[in-house]
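# Examination of the molecular architecture
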Amino acid sequence: MSERDFKKAAVIGWPLTHTLSPVIHNHWMAKYGISGCYEKRPVAPDSIGDALAAMKAEGLVGFNITVPHKEAIIPHLDKLAPLARLMGAVNTVKIEPDGKTTGFNTDGIGLMANLQQNLPSWPKDRPAMVIGAGGAARAAALGLLNENLPFVVITNRTREKAEVIAKEIGRGRMVVVDWKERNDVALTAGLIVNTTVLGMHGNDPLELDISKCAKDTVVYDIVYQPLVTPLLKDAEAHGLRTVTGLGMLVYQAAAAFKVWFDIMPEYDDELRERLEAVFR
Ligand code: ATR
C-alpha cells in the first residue's frame, strides 16, 4: 500500500486529555473500509502554525479543532466555508493533496441533526430558548434560525455577549432576555437548549425552573459529561422529553467525516454501544 492510500486525520487541542473523537472516526474508517487512522495531537497555543505545517507535510486529509484553537486557526487557513465564516470559528479543516486548506464548522449541523434524529416532533409552534453565548450558543442559534419558529430567545449571564450574537446572526428573529428572567421564558418555550458549561462534571448545575413547562417541552443539554446532567434529570422527573449532548458530538463528527471522505457515516448501534460504555 502506498503512503497516499493510508489516510490520516487528527484532532488538535490543548490540553487534549479526554476526547472521544478518535473512537468515533476510527470506528467509521474501519466500517467504510478506509485504511488509515485518526489520532489526537495536543498542540500548545503558540504552536498552531507549526502543527499545521507538519500535518500538511505528512499528508493528512484533515483535522478537527477543539478548544482553545477554534478561532486562532482561522488566519492560518486558505479558505473558510460560509458557516465557519458566520460562526467565526472552525472545528474541521480539509487539507487538499496540494496542501490548500479550507475551514468548516460542523457544530451547528451536529446540534440540529442530534435533535432531529432523536425527537423529530420537537415543538416548533413556540419560541426556542438558547442558554449561553459562547461558540455553542452561536451554533445553536444559527441552526434554530433556519427552522420555522416564531423566534429564538437567547439568555446569558453576561447579557452583552448574547446581544452580540443576536445582532450578528439574528436577522431580527432573536430576542435577548436577562439572565434573571430565564425561568419566565422557559414557561413559554417549546425547546430549551443549554449551551453553557453548567452541569458539566466539576461545575455547578444550571439553575432553571422547568417545573411549570408544558408537557411537550423538549430540554436539550449539549453537556455530555455526565451524559444525564442535573438539568436533564430534573426535566425527566417532570415528564419532559430530553436530548443528551453525546449525539451532537457524533453528528458533528459525521459531517466532518463527510468533508474528508465524501461518505455520510451512520451512527450505528455498535458506535452507540462503544460510546455509552465510556460513561458507564
Ligand atoms: P463555548 O464557546 O464552548 O460554547 P464558552 O465561550 O466558554 O464556551 O462559553 C461558556 C458559557 O457558559 C458562557 O455563556 C458563559 O457565560 P458568560 O458569557 O457570562 O461567561 C457560561 N457560564 C460559565 N459559567 C457560568 C456560570 N457560573 N453561570 C452562568 N453562566 C456561566
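About the thresholds
Residues numbered from 1 in each chain as written. Predicted model: local features only at pLDDT ≥ 70, side-chain atom pairs only at ≥ 80, totals over all residues. Heavy atoms only, no water. Patch = residues over 30% accessible without salt bridge, like charges linked within 9 Å, V, L, I, M, F, W, Y side chains within 5 Å. Areas by Shrake-Rupley, 256 points an atom, 1.4 Å probe, with all protein chains shown as cover. Salt bridge = Lys/Arg side-chain N within 4 Å of Asp/Glu carboxyl O. Helix = DSSP H or I, 4+ residues; strand = E, 2+ residues; numbered from the N terminus. Buried < 20%, exposed > 50% of the residue type's maximum accessible area, 1.4 Å probe, protein only. Domains from an automatic or database assignment. Contact = heavy atoms within 4.5 Å. Buried area = accessible area lost by both parts, 1.4 Å probe. Polar contact = N/O pair within 3.5 Å; in protein donor to acceptor, adjacent residues only side chain to side chain. Axes fitted to C-alpha atoms, helices over the stretch in contact; angles between N-to-C directions. Parallel < 35°, antiparallel > 145°, perpendicular 65-115°, else oblique. Left-handed = near helix turned anticlockwise from the far one by under 90°. Pairing = 2+ DSSP bridges. 1 Å grid on protein atoms, 1.4 Å probe; cavity = no way out; pocket = protein on both sides within 12 Å on 5 of 7 lines; lining within 4 Å. Points joined across faces, edges and corners; volume = space filled by probe spheres on them. Nonpolar A, V, L, I, M, F, W, Y, C, P; charged D, E, K, R; others polar.

### A closer look at a nonpolar patch on the surface
A surface patch of nonpolar side chains, amounting to about 240 Å² of accessible area, comprises Leu83, Leu86 and Ile109. Following the sequence through the fold, Leu86 ends up in helix 3 (residues 82-87). For Leu86, a relative accessible area of 43% gives the class partly exposed.

### Digging into unusual backbone geometry
In this structure, Pro68 follows Val67 across a cis peptide bond, with omega equal to 5 degrees. A cis geometry characterises the amide bond from Gln225 onward to Pro226, with omega recorded as 10 degrees. If you check the backbone angles, Asp262 has positive phi at about 55 degrees while not being a glycine. Within the secondary structure, Asp262 sits in the loop between helix 9 (246-261) and helix 10 (269-279).

### Some details on the domain arrangement of the protein chain
Partitioning the protein chain into structural domains gives domain 1 (3-105 + 248-278) and domain 2 (108-244). Taking the mean C-alpha position of each, domain 1 and domain 2 sit 26 Å from one another. Between domain 1 and domain 2, the contact holds 12 residues from the first and 17 residues from the second. Buried area between domain 1 and domain 2, both sides added, is near 1,200 Å², and the carbon and sulfur share of it is 74%. A per-residue breakdown of the area domain 1 buries against domain 2 is headed by Met87, Met248 and Tyr251, which together make up 53% of the total. The tally of links between domain 1 and domain 2 comes to 0 salt bridges. Counting the contacts that link domain 1 with domain 2 gives 0 residue pairs in polar contact (both at pLDDT 80 or more).

### Some thoughts on the packing of helix 1 (residues 21-31) against helix 10
Look at helix 1 against helix 10: their axes get within 11 Å of each other, and the N-to-C directions meet at 155 degrees. Between helix 1 and helix 10, the angle falls in the class roughly antiparallel. As for the relative orientation of helix 1 and helix 10, their crossing is right-handed in sense. Residues Val23, Ile24, His27 and Trp28 of helix 1 pack against Glu270, Leu271, Arg274 and Leu275 of helix 10.

### As for the sheet that holds strand 7 (residues 128-131)
The 6 strands lie next to each other as 9-8-7-10-11-12, forming an open sheet whose pairing is parallel. One side of each edge strand has no neighbouring strand; the edge strands of this open sheet are strand 9 (174-177) and strand 12 (241-243). Geometrically, the sheet is characterised by an average inter-axis angle of 20 degrees between neighbouring strands, direction not taken into account. Pairing between strand 7 and strand 8 (residues 152-155): 4 bridges, direction parallel. Pairing of Ile131 across the sheet is with Thr155, part of strand 8. Contacting strand 10 (191-194), strand 11 (218-221) and strand 12, helix 8 (residues 230-237) crosses the sheet at an angle of about 165 degrees to strand 11.

### A few points about the layout of surface pockets
Space inside the largest pocket adds up to approximately 1,600 Å³. Lining the largest pocket are 49 residues, and of these Val67, Ala136, Val197, Met200 and Ile222 sit closest to its centre. At the level of elements, strand 1 (7-13), strand 3 (62-65), helix 5 (135-145) and helix 9 are the ones that each hand at least two residues to the lining of the largest pocket. Counting residues per element, the lining of the largest pocket draws most heavily on helix 9, which supplies 3 residues. Within the lining of the largest pocket, the residues separate by chemical class into 22 nonpolar, 20 polar and 7 charged. Taken together, domain 1 (3-105 + 248-278) and domain 2 (108-244) each give at least three residues to the lining of the largest pocket, which thus spans both.

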